[in-house]
Amino acid sequence: MPCAMELPSTPDELAAQQADSAALKELLKDPSRWHSIPLLNYTPLHKLKDQTLVRFRGMIQDMMDPEIYLERYEVKSADGIKRVQEGKYRDCLKIATGEVIDYNADGNVHGERRTMFVVSVPGLNDWSKEHEKQCCPQIDLASLGQSPSSAKKRTIVGEEDAMDVDGVSETTFKRPCLKEIQKDSEPVGASKSSVLGSEYLLNSPLPDRPSMACMVKVYDEFDTYQLNSLVDFVGFLSVDVSLDAATLDVDDCENLSELQAAHPSPFLIPRLHAFGVQVLPHANPLLDKSLRQPTEICEESHPTQLAVHKDLRMLLKLCLFDDDLAAEYLLSHLISTVYSRSEMQSIGKFALNLCNLPKNCEAYATKLYTILELLLPASHYMPMTLGTLNTAAFAPKKDYETNKLVSGVLQLAPHTHLVLDETCMQQGKLEANGVHAVQHLAHLINNQELKCDFQYYQIDYQANIPILVLSEGRSMLPSDFVLPINADAKAVELVDESLKAAHHYLQPSRLQQFRKYLTTARTSGFNVSEEHTEMIQQDFVDMRKANVKSNADDLHGLLVLSRLLGIARGKDTLDKETWQLATEFEAKRRQRIQSLPKSSAQMRN
């Protein structure tokens, strides 16, 4: 049943609704209720006022220490009248001019909240951003209920008792700005060295594709949040100038860097006090019901999944030197996902190495990637040059000086496709950082886990990042499937024309079909009946008789491939035809591998 209740527009309204929290949770389950809420990702801060209802979509990059705050506190006016004020969903304690907080009142209630450092999805491709922006409601400043005069915040510098922050320590923000602090400090050099740069504070996993950051404060179910997960928060914006560490009295601060990292300027990194959250199963905005989808320009007939599969396979074949088998494996890779985990395995991963690429096709890998990024919501191209390996930070690392988890290029959201280009690799020496980079990549490929360096120990966090390696010979990295390209000579000559034709083929309506198809296929379920389980077991026994080298890994690879081939063709259950297709493809792939030079790096087939 539709709920007559409306989403709260202020923290005070939310406090009044807390008595009926079940109704509020039901309200938040209705995706249409999220449509009119401004997306902080695409709305300039100057269009939003403090305490405005907003939402922010992104990846949890770091989780900060617990914070104790005044959830409810007593306020006393000059004439001795007392009242109780709610402190939840606020950074600054709300008091009127002339009022003081009674920190010793018996009625004061302390609560705990956690801060999630959330960055907009790393590697989100341009078309995804543009579509999300189109779905974002346009903000009319006059429509915002709160005006500057009604906002209970400090507006005059001379007001002494206007606002306290996190009143547990009775610390008030001082009035001097950063320039005054720097002017009063003694050594100029020391002052500058203690100021953290905006790039460090924003902490983007992909520095060349910077993300927006937001510090999201959550109030319950702390254990449900996972590092690197995709989330969409709704809550109240907090951008009071007093949140900036530059406005604090730092004379007695033991660690200025940690203070600045915990309290960056709210105009660089805004705060959001969340009361609603949804974990996003994917980053594709076309299939997100919580976004108000723009009206289609023209209503076209919706083709079947099998028809879209056929068109997409034809496109990939055109881009892969007319190699039909390579197109099948690349399509399987694009819809792959880790769908189950055991103690020893991440089941469903499909790390693919397309090797034997023609040497005379200049910049082919980057040209292929320009096609892939048009199809995928989030992806990242990484040239495997010595410079990249030796200098880039690959894994997240804890900085105890600032108490931040400094991101690395492998800290990506689930289903962000990582394309590694080994065709640009040159001879030279891998330094220590380069060796660690290769180790981190290999660990991610083999286990779909990301190692985070906490200096004295390392922690593995689950990942779900499909990895495609493009190389001329066998890759130096491990993979689940190695497929040498069987390039048609004529197709090699015409590769540039073929790629131009592919771009021309990708008209807007067809692009939308492909984008929806890939995400739908990846999130589809698939079953294997008992009857077909027996068929698979018998086939494996026959495989072992024909080739004693066949092992459990080969069977696992066949199961993963057959599942993806079935899903790609719109099936939800394994059948004999799909299983035979998988065994046929694997036989062809192994034949190709036998023709590769033996001197290439040894790896799993």
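Only a predicted model underlies this, so the values are computations on that prediction, with no experimental measurement involved.

(A) Geometry of helix α10 (residues 364–375). Its twelve residues give α10 an end-to-end C-alpha distance of 17 Å, which sits within 8% of 16 Å, the value for a rise of 1.5 Å per residue. Taken residue by residue, α10 has Y364, A365, L368, Y369, I371, L372 and L375 as its buried positions. With its buried residues spanning 160° around the axis, α10 presents them on a single face.

(B) Local environment of the confidence of the model for the protein chain. Averaged over every residue, the pLDDT of the protein chain is 86; residues scoring 70 or more account for 87%. Across residues 142–193 the pLDDT falls below 50, and counting only partners more than four positions away or on other chains, this stretch makes 74 contacts in the model. Low pLDDT, under 50, characterises residues 600–605; the predicted model gives this stretch 22 contacts beyond four residues in sequence or across chains.

(C) Region of interest: the side chain of N125. Structurally, the position occupied by N125 is in the loop between β6 (109–119) and α3 (126–135). Residue classification places N125 among the buried positions, given a relative accessible area of 2%. Setting aside residues up to four positions removed in sequence, N125 forms contacts with R209, Y369, E373, L376, P377, A378 and S379.

(D) Highlighting the sheet that holds strand β17 (residues 417–421). The strand order β14-β17-β20-β13-β21 describes an open sheet built from five strands, whose pairing is parallel. Edge positions in the sheet fall to β14 (379–383) and β21 (481–484), since each has one partner strand and no second. Looking at each pair of strands side by side, their axes are set apart by 15° on average, direction ignored. In the sheet, strand β13 (residues 352–355) pairs with β21 via four bridges, with the strands oriented parallel. Across the sheet, the residue bridging to C355 is P484, located in β21.

(E) Here's a closer look at the packing of helix α9 (residues 324–334) against helix α18 (residues 576–594). Two elements in contact, α9 and α18, have axes whose closest approach is 11 Å; the angle formed by their N-to-C orientations is 115°. One finds that α9 runs roughly perpendicular with respect to α18. At the point where α9 passes α18, the crossing takes the left-handed sense. Of the residues in α18, those in contact with L325, E328 and Y329 of α9 are F585, E586, K588, R589 and R592. Along the lines of polarity and charge, the residues of the contact of α9 with α18 split into three nonpolar, no polar and five charged.

(F) Just a nonpolar patch on the surface, in detail. A cluster of nonpolar side chains, Y400, Y456 and Y457, forms an exposed patch at the surface whose accessible area comes to about 390 Å². Position of Y400 among the secondary structure elements: in the loop between β15 (397–399) and β16 (404–406).

(G) Spotlight on the packing of aromatic side chains. Inspection of every chain in the model, using the stated rule, returns 13 aromatic pairs. With a centroid separation of 4.6 Å and 35° between ring planes, the pair formed by F321 and Y364 is classed as tilted. Residue F321 is found in the loop between α8 (305–319) and α9, and its partner Y364 is found in helix α10; the two are separated by 43 residues along the sequence. Take F321 and Y364: they sit in the same class, and that class is buried. On the basis of an interplanar angle of 40° and a centroid distance of 6.3 Å, the ring pair of Y329 and F350 is categorised as tilted. One end of the pair, Y329, is in helix α9; the other, F350, is in the loop between β12 (346–347) and β13, and 21 residues separate them in sequence. Of the residues examined, Y329 reaches a relative accessible area of 0% and is grouped as buried. The rings of Y69, Y89, Y219, F236 and F275 are connected pair by pair, giving a single aromatic cluster. Positioned above the aromatic ring of F117, the side-chain terminus of K404 is 4.1 Å from the ring centre. The side chain of R515 reaches across the aromatic face of W127, ending 4.0 Å from its centre.

Reading the values: the criteria
- Residues numbered from 1 in each chain as written.
- Predicted model: local features only at pLDDT ≥ 70, side-chain atom pairs only at ≥ 80, totals over all residues.
- Heavy atoms only, no water.
- Helix = DSSP H or I, 4+ residues; strand = E, 2+ residues; numbered from the N terminus.
- Expected span 1.5 Å × (residues − 1).
- Buried < 20%, exposed > 50% of the residue type's maximum accessible area, 1.4 Å probe, protein only.
- Arc of directions from axis to C-beta.
- pLDDT = per-residue confidence, 0-100.
- Contact = heavy atoms within 4.5 Å.
- Pairing = 2+ DSSP bridges.
- Axes fitted to C-alpha atoms, helices over the stretch in contact; angles between N-to-C directions.
- Parallel < 35°, antiparallel > 145°, perpendicular 65-115°, else oblique.
- Left-handed = near helix turned anticlockwise from the far one by under 90°.
- Nonpolar A, V, L, I, M, F, W, Y, C, P; charged D, E, K, R; others polar.
- Patch = residues over 30% accessible without salt bridge, like charges linked within 9 Å, V, L, I, M, F, W, Y side chains within 5 Å.
- Areas by Shrake-Rupley, 256 points an atom, 1.4 Å probe, with all protein chains shown as cover.
- Salt bridge = Lys/Arg side-chain N within 4 Å of Asp/Glu carboxyl O.
- Phe/Tyr/Trp six-rings, centres within 6.5 Å; stacked < 30°, edge-to-face > 60°.
- Lys NZ or Arg CZ within 6 Å of the ring centre and 35° of its normal.

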